[in-house]
Amino acid sequence: KKSRLVLQEKAPATRVEWTTGMHWCPDSGPVYLPTGAVLRAKRMKLAETGESYKVANPDREAWVTGVERALHVRQWQPGDRYRPLGAPGRRKLQDLFTDAKLNSEQKAALPVLLDGHGNIIWVPGFPPSDEAKVCQKSISALTLTYEQQ
């Protein structure tokens with residue numbers, strides 16, 4: 001078995017101004033949050049991946065479509081709502097957080113990812129938005145990964 005050494009230039013860390021959030025181009029590299037967590041993104045052609053998106057762990061991963069531009073990353077705000085994948089309607093994040101028994105520190109630490117139109121597409125720990133779901137007709141997807149340090 002041959003070993004090989006691969007050298008890569010490390011992308012500069014992008015830190016989020018947490019009070020107002022920031023625009024993030026997923027193709028520009030990871031985002032390092034003030035909480036120590038990291039958001040990463042990778043564009044995938046679904047023909048190459050089979051159906052592995054169906055087994056994504058919503059605590060740390062989401063597969064979404066329709067994201068062509070930069071995302072906006074920020075803390076949750078009172079009144080935030082979205083339609084979780086498979087849900088019959090929109091739900092307030094506050095209600096989802098209460099159902100999940102998250103304390104105020106946990107809620108404040110979670111990033112909210114919004115598309116270019118200001119629609120929530122994912123909050124780690126919860127399903128992605130139903131509007132951004134990957135379906136059989138999807139050609140490509142954006143894989144979002146949340147890693148806590």
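Residues numbered from 1 in each chain as written. Predicted model: local features only at pLDDT ≥ 70, side-chain atom pairs only at ≥ 80, totals over all residues. Heavy atoms only, no water.

## As for the sheet that holds strand β6 (residues 71-74)
Here comes step 1: With respect to topology, 4 strands assemble into an open sheet ordered β2-β6-β9-β10, the strand pairing being antiparallel. Single-partner strands in this sheet number two, and they are β2 (22-24) and β10 (120-122). Adjacent strand axes in the sheet meet at a mean angle of 40 degrees when their direction is disregarded.
Here comes step 2: Here β2 runs beside β6; their pairing, made up of 3 bridges, is antiparallel. Its bridge partner being in β6, Trp 24 is matched across the sheet by Leu 71. (Pairing = 2+ DSSP bridges. Helix = DSSP H or I, 4+ residues; strand = E, 2+ residues; numbered from the N terminus. Axes fitted to C-alpha atoms, helices over the stretch in contact; angles between N-to-C directions.)

## Digging into the pattern of salt bridges
Here comes step 1: Across all of its chains, the model carries 6 salt bridges by this definition.
Here comes step 2: The closest approach of N and O atoms between Asp 27 and Arg 43, which form a salt bridge, is 3.1 Å. Taken together, the residues span a long stretch of sequence, with Asp 27 in the loop between β2 and β3 (31-32) and Arg 43 in strand β4 (residues 38-45) at a distance of 16 residues.
Here comes step 3: Asp 27 sits in the exposed class, given a relative accessible area of 53%.
Here comes step 4: In this structure Arg 43 comes out as partly exposed when scored by relative accessible area, which is 36%.
Here comes step 5: For Asp 99, the salt bridge identified is with Arg 91, shortest N-O distance 2.7 Å.
Here comes step 6: One network of salt bridges, with partners in common, ties together Arg 83, Asp 130 and Lys 133. (Salt bridge = Lys/Arg side-chain N within 4 Å of Asp/Glu carboxyl O. Buried < 20%, exposed > 50% of the residue type's maximum accessible area, 1.4 Å probe, protein only.)

## Brief notes about the environment of Asp 130
Here comes step 1: Relative to the helices and strands, Asp 130 is located in the loop between β10 and β11 (140-147).
Here comes step 2: With relative accessibility at 10%, the residue Asp 130 sits in the buried group.
Here comes step 3: As a C-alpha pair, Asp 130 and Arg 90 span 40 residues in sequence and 9.6 Å in three-dimensional space.
Here comes step 4: Apart from residues no more than four positions distant in its own chain, Asp 130 is found in contact with Arg 83, Pro 84, Leu 85 and Gly 86. (Contact = heavy atoms within 4.5 Å.)

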